[in-house]
Every structure is written in structure tokens, then in C-alpha cells.
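# Chain and residue survey
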Amino acid sequence: MSIRVERDEETGVAVVTLDRPEKHNAVTLAMARELGAVWRGFRYEDGVRAIVVTGAGDRAFCTGIDREDAGRIPQPSSPYTIDDPLLTLGPKANDLWKPVIAAVEGMACGGAFYLLGEAEFVVAGENAAFFDPHTTYGMVSAFETVHMARKMPYGEIARMALMGTAERVSARRAYETGLVSELTAPGGALDAARAAAAVIASHPTEAVQGTVRALWSVDGAARAQALAHAPHLVTLGNLPPDRQGELFTRRSGGYRLR
């Protein structure tokens, strides 16, 4: 299985791991379905009171959808609809309001923001780097930017999305701008996230979940409207798949870490 779940009955903390380190924890269609089921299942597990989501290995948290699987998704011709398997990748999209902390080591890019955007906060190792490759390859960054609007200042999101693969946001810069709430030595993000989750899980769960809902109610309507608008921007702005493929083949070279 490519989604691994560990539960600590003593602390009430569960750790969900994307377990495809050889593929930088890129999400397959099967993984997306499995992860959605995991989030929905946690709603019925009273023993799980806080959750950490992470990626296996130290090279990547997640690099979004596996491109081989992405090519297998037929799309309707209407610009008003889109089939996106990552839409229900995150906990909030599955109606889970238990607190989720993301522990990031290595790369976090593209579709990873569906998960980071629905986590309460992010803990990252100093080796972490964040970037959004969509525009480089002729794709609109719509869902990703909407998700990250709760985490980053507008200028930082805009720069990351528009610069594409030419620039990566370092863990230090992410910490300075508020995307990351705690910075650790490389390899230390998971332990730090577990420790924070254990503290949260020790509090009365009704109060914790109520606080999560209150936080998410602040801009809920605006976020829902933006996400509803996103499919039209994607279908109208994305290059055809064959043109995207050409750009994936041609684009190469270095990047700047900021």
C-alpha cells in the first residue's frame, strides 16, 4: 500500500505517510482514493484526536499527481467542468475537522499544496523546498494558489506560482513568511510535528475541533467561491496535453533557491 497509517493509542496521534519515496511520493489515482478514505475513516475513530501527514524518505514530502496517472484521466470538453482526482485529497474536503499537522522534508510542490493548504500548520526540516511548476509547463495554478492563500501572503504566492520551476522557496524563507510554523534540523520535522500533535490531542477534543471549525469559518465563503471558479480557469488556460508534454521534455536546467 502507498498510504501508511500508524496510530498511537497512548497519545491519540495518528501519522499518515505517503509511501512512494522512489517516486518522490507522487500521488497515483489509487493513492488519492485511499487517502480520501483514510480521512473519512478518522471521523469515526474517537481514539484519534490529532493527525500528522508526511512523506516517506527525505527527498520529498509530495510532488503532486503522478504524471503517468494524470494522463489517464479523461476530461469533459466543457470549460465549465473538470475531473481532478486531487480535489478530495485533503482532510477538509473529506469533512474531517480533527487537527492535521504537515511534516515536510525535501520537496513539496504542485499538488502537495492540496494537503498543505488543508493542514492547520506546517513543520519543516531545513532541507525542505516549496515550488509550483504549473506555469512552466503551460498549466494554470488555480487550485494550488487558492489552497495556499490561507498560508502565505499574496505576493509570496504570486511569485512562487508565476516563477514556476525557476525558483524554489527555501524552508527558511517559508518560515519567515508564515507558511512554516516551526523549522527543524533536517530529518526532525516528523518528531516535532508528533510532539505538537500530542499536546493538541491531550486537550478536550470538542474544544479542539470547535476551534478548528472557527478558524476555517473566517474565509470559508470566499474560499469556496474561488475553488468553484478554479475549474474554468484550468480548462480555459491549460495547454493541450501534447504541448504540456513537449514543455516537460524541453524544460531543464537549474533553479534559484530563495
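See above for the structure.
In this report, the structure presented in the accompanying data block is examined.

Each value, and the rule that gives it
- Residues numbered from 1 in each chain as written.
- Predicted model: local features only at pLDDT ≥ 70, side-chain atom pairs only at ≥ 80, totals over all residues.
- Heavy atoms only, no water.
- Helix = DSSP H or I, 4+ residues; strand = E, 2+ residues; numbered from the N terminus.
- Buried < 20%, exposed > 50% of the residue type's maximum accessible area, 1.4 Å probe, protein only.
- Phe/Tyr/Trp six-rings, centres within 6.5 Å; stacked < 30°, edge-to-face > 60°.
- Lys NZ or Arg CZ within 6 Å of the ring centre and 35° of its normal.
- Pairing = 2+ DSSP bridges.
- Contact = heavy atoms within 4.5 Å.
- Polar contact = N/O pair within 3.5 Å; in protein donor to acceptor, adjacent residues only side chain to side chain.
- Axes fitted to C-alpha atoms, helices over the stretch in contact; angles between N-to-C directions.
- Core = buried A, V, L, I, M, F, W, Y, C linked by side-chain atoms within 4.5 Å.

## Quick notes on the environment of His232
Of note, His232 is situated in helix α9 (residues 220-237). A relative accessible area of 22% means that His232 is categorised as partly exposed. Linking His232 and Ala142, residues 90 residues apart in sequence, is a C-alpha distance of 9.4 Å.

## Things to note about unusual backbone geometry
Not every positive phi belongs to a glycine, and His24 is a case in point at roughly 55°. The residue His24 is located in the loop between β2 (13-18) and α1 (29-42) in this model. By relative accessible area, His24 is classed as partly exposed at 22%. Notably, Asn25 is not glycine yet its phi reads approximately 55°, a positive angle. Inspection of the secondary structure puts Asn25 in the loop between β2 and α1. Judged by its relative accessible area of 0%, Asn25 falls in the buried class.

## Structural notes on the packing of aromatic side chains
When we look at a pair of aromatic rings, we describe it by the centre distance and by the angle of the planes. Under the criterion given, the structure shown has three aromatic pairs. Ring geometry for Trp97 and Trp216: centres 6.2 Å apart, planes at 75°, overall edge-to-face. Note that Trp97 is positioned in the loop between α2 (67-70) and β5 (100-104) and Trp216 in helix α8 (residues 205-217), a separation of 119 residues in sequence. There is no split in this pair, since Trp97 and Trp216 are both buried. For Arg168, the ring lying beneath its charged end belongs to Phe131, and the centroid distance is 4.1 Å.

## Focus: the pairing of strand β7 (residues 121-125)
Among the five residues in β7, four count as buried, and that is most of the element. As judged from the four bridges shared by β5 and β7, these two strands associate in the parallel manner. Residue pairing for β7: Val104 is matched across the bridge by Ala124. Across three bridges, β7 lies against strand β10 (residues 182-184) in parallel orientation. Among the inter-strand pairings, Val123 is bridged to a residue of β10, identified as Glu182.

## Structural notes on the environment of Glu120
Examined against the element boundaries, Glu120 turns out to sit in the loop between α3 (112-116) and β7. In the structure, Glu120 is positioned 92 residues away from Val212 in sequence and 7.8 Å away in space, judged by C-alpha atoms. Setting aside residues no more than four positions away along its own chain, Glu120 makes contact with Lys92, Lys98, Pro99, Val100, Lys151, Val212 and Trp216. A distance of 2.9 Å separates polar atoms of two side chains, one belonging to Glu120 and the other to Trp216.

## Structural notes on the sheet that holds strand β1 (residues 3-8)
The strand order across the open sheet built from six strands is β1-β2-β3-β5-β7-β10, with neighbouring strands paired in mixed fashion. Two strands bound the open sheet, and with one partner strand each, they are β1 and β10. Strand after strand, the sheet turns through a mean of 20° between neighbouring axes, direction not considered. Taken together, the four bridges between strand β3 (residues 50-55) and β5 define a ladder with parallel strand orientation. Considered in β5, the bridge of Ile51 is made with Val100. Packed on one face of the sheet, helix α7 (residues 189-201) meets β1, β2, β3, β5, β7 and β10 and runs near 170° to β5.

## Let's talk about the side chain of His147
Take His147: it is sitting in helix α4 (residues 143-148). Looking at His147, the relative accessible area reads 3%, which means it is buried. If near-sequence neighbours (up to four positions away) are discounted, His147 is found in contact with Phe113, Tyr114, Gly117, Glu118, Arg223 and Leu227.

## Remarks on the nonpolar core
Residues Trp39, Phe42, Ile51, Val104, Leu116 and Phe130 are the most contacted members of the largest nonpolar core, which totals 47 residues. Among the elements that make up this core, the one with the highest residue count is α1 (six residues). The residues contacting Leu116, other than those within four sequence positions of it, are Phe61, Ala102, Val104, Ala108, Val122, Phe130, Met148 and Lys151. Residues Val13, Ala50, Ile101 and Ala189 belong to the second largest nonpolar core, which totals 15 residues.

## Regarding the sheet that holds strand β9 (residues 167-170)
With mixed pairing, the five strands of this open sheet are ordered in space as β4-β6-β8-β9-β11. Unpaired on one side and paired on the other, β4 (60-62) and β11 (256-257) mark the two borders of the sheet. Two strands pair when backbone bridges link them, and β4 and strand β6 (residues 107-109) are joined in this way by two bridges, in the parallel orientation. Along β6, the bridge assignment pairs Cys62 with Ala108.

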